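Each chain, written out:
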Amino acid sequence: MRVFVTGGTGAIGGHAVPALVAAGHEVRALARSDVAAAALRAHGATPVRVSLFDRDGLAENFDGCAAVVNLASALPGTTSFIRKSAWAECHRIRRDGSAAVVDAAIAAGVPRVLQESVAMIYADAGDRWIDEESPVDNYPIAVGNHAAEASARRFTGSGGVGVVLRFGLFYGIGAAHSEQLVALARRRIGFRAGRPGAYVSSIHLADAADAVVSALRTDSGTYNIVDDLPVTKRDHTAALAGAVGRHPVVTGPGRAALLLGERTTSLTRSLRVSNKRFRSAAGWRPHYASVWEGYAHMVRRPA
């Protein structure tokens, strides 16, 4: 199958592109620089120079593709995460970029579009399980995700197969924030945002990449891509500590993060998300059942 990937050198894309190639697909991927192009070639993909916002250019390059996988994003760094202005480019990519991708896919007659989204758009559910029918929230930094998902649904409405993948919190080599959390854990600093009993749903990048491959054979719809066993924030901190073999001397910011309200709500809310729908639809199952196994592997594996 010929597949076009956007965001092919990002955190998830850097794992998804080689996974698609390994599965036997012919992969073409958007590259914005010589460095990105070289990385894509190293993974066995063909780099393509075109703007994410160039509908005609995208349509030309989508010709003959059986699927388009839109993983493009631009998450702000941890030091600027709480500034709303820092999300402007990410919103533009997810709003205007996703719209351009869908317009181009329709024009080129592409039958399937996969759109990246996040599980963090669900409303806080305490200790209750969350599935794809659970209510979502419309806090400010989620505006781009909602726009991207709307574009995928528009593609389905046009007669195509539109698939939305709501990923849990990424971790693993290549996920900058998780690498930073591991570095803090080595210094005996535990990270915990929000209530210790609140849940966090994660997904290892390798498992997320496998899910992208598996999603090429699912029906239209929205699917949660998370590990099997969400953990409380208390246990998430403990899993990090256990992976590096160092008990934290200090842990934070804890409940203080709740004081920033919508600026940190994607990190503080309780999300016990289920992956049952996708497991049933795609025959997929994560290799790492929870962060306990995943962080241990991440620390053992050289970067």
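Cut-off values and rules
- Residues numbered from 1 in each chain as written.
- Predicted model: local features only at pLDDT ≥ 70, side-chain atom pairs only at ≥ 80, totals over all residues.
- Heavy atoms only, no water.
- Helix = DSSP H or I, 4+ residues; strand = E, 2+ residues; numbered from the N terminus.
- Rg over C-alpha atoms; globule rule 2.2 N^0.38 Å.
- Buried < 20%, exposed > 50% of the residue type's maximum accessible area, 1.4 Å probe, protein only.
- Contact = heavy atoms within 4.5 Å.
- Areas by Shrake-Rupley, 256 points an atom, 1.4 Å probe, with all protein chains shown as cover.
- Lys, Arg positive; Asp, Glu negative; His and termini not counted.
- Charge placed at Lys NZ, Arg CZ, Asp CG, Glu CD.
- Pairing = 2+ DSSP bridges.
- Phe/Tyr/Trp six-rings, centres within 6.5 Å; stacked < 30°, edge-to-face > 60°.
- Lys NZ or Arg CZ within 6 Å of the ring centre and 35° of its normal.

**Looking at the overall build of the protein chain**
Line of reasoning, step 1. Within the protein chain one finds 11 helices and 15 strands.
Line of reasoning, step 2. The C-alpha atoms of the protein chain give a radius of gyration of 19 Å, which matches the 19 Å a tight globule of 303 residues would have.
Line of reasoning, step 3. Buried positions account for 53% of the 303 residues belonging to the protein chain.
Line of reasoning, step 4. Long-range contacts, defined here as pairs at least 24 residues apart, represent 80% of the contacts in the protein chain between residues at least 6 apart.
Line of reasoning, step 5. Surface summary for the protein chain: the accessible area is close to 12,900 Å², and the carbon and sulfur share equals 52%.
Line of reasoning, step 6. One way to put it: in the protein chain the 35 positive side-chain charges average out to a point 7 Å from where the 26 negative ones average out.

**With respect to the pairing of strand S4 (residues 67-70)**
Along any regular strand the residues' side chains alternate between the sheet's two faces.
Line of reasoning, step 1. Neither face of S4 is left uncovered, since the one carrying Ala67 and Val69 and the one carrying Val68 and Asn70 both have all their residues buried.
Line of reasoning, step 2. Sheet topology places strand S1 (residues 2-6) next to S4; four bridges connect them, and they run parallel. Bridging across to S4, threonine 6 finds its partner in asparagine 70.
Line of reasoning, step 3. Examined bridge by bridge, S4 and strand S5 (residues 112-118) share three bridges and lie parallel to one another. Each bridged residue has a counterpart across the sheet, and for valine 68 the counterpart in S5 is valine 113.

**A few points about the packing of aromatic side chains**
Line of reasoning, step 1. All chains considered together, the criterion is met by five aromatic pairs.
Line of reasoning, step 2. Relative to phenylalanine 170, the ring of phenylalanine 167 has its centre 5.2 Å away and its plane inclined at 50°; by these criteria the two rings are tilted. Exposure class is identical for phenylalanine 167 and phenylalanine 170. Each is buried.
Line of reasoning, step 3. Taken together, the aromatic side chains of Tyr223, Phe278 and Trp284 make up a single cluster linked through ring pairs.
Line of reasoning, step 4. The cationic tip of arginine 92 hangs over the ring face of phenylalanine 53; the distance from NZ or CZ to the ring centre is 3.8 Å.

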